[in-house]
Amino acid sequence: RILLPAIAAAALSLTACGGDGDDALGDQAADTAEAQADDLEAMAENAPEPVADELENRAEVIEDQGEQREEAIDESDVDADELSAEQRNQLVNGQ
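Read on for a plain summary of the structure.

What counts and how
- Residues numbered from 1 in each chain as written.
- Predicted model: local features only at pLDDT ≥ 70, side-chain atom pairs only at ≥ 80, totals over all residues.
- Heavy atoms only, no water.
- Helix = DSSP H or I, 4+ residues; strand = E, 2+ residues; numbered from the N terminus.
- Expected span 1.5 Å × (residues − 1).
- Buried < 20%, exposed > 50% of the residue type's maximum accessible area, 1.4 Å probe, protein only.
- Contact = heavy atoms within 4.5 Å.

Our focus in this paragraph is helix H3 (residues 49-76). Because the α-helix completes a turn every 3.6 residues, residues three or four places apart line up on one side. Here H3 contains 28 residues, and its C-alpha end-to-end distance of 40 Å stays within 8% of the 40 Å for a straight helix at 1.5 Å per residue. If you check which residues of H3 are buried, you get Ala52, Leu55, Ala59, Ile62, Gly66, Arg69, Ala72, Ile73 and Ser76. Taken from the residues just after H3, Asp77 is the one with a positive phi, measuring 55°.

Structure below.
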């Protein structure tokens, strides 16, 4: 939750105009988080109950963070075409 304003601020500082490609970049952030959450949920299926519960809780948090990153990227109207691959990866991964 703390990262969300930082992501939006970083995206806005990277480009003042745009919106070009921000939807796809936001979708990528959500998809990446969902894949990480799916991996944790798969691990939870084979784990003892206390560990499984923790893995499922962590998966939910990761998925929520991905959705928040998606919204922040979309609302920033960042011009994804103007970003370097490293900058896009940082936005997608919440860095």
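There is more to say, and it comes next.
To continue, consider helix H2 (residues 22-45). Here H2 spans 35 Å end to end across 24 residues, near enough to the 34 Å set by a 1.5 Å rise per residue. What H2 keeps buried is the set Asp22, Leu25, Gly26, Ala29, Ala30, Ala33, Ala37, Leu40 and Ala44. At its buried positions, H2 is contacted by H3 and helix H4 (85-93).

A word on unusual backbone geometry. At Asp77, a position not held by glycine, the phi torsion is positive, near 55°. With respect to the helices and strands, Asp77 occurs in the loop between H3 and H4.

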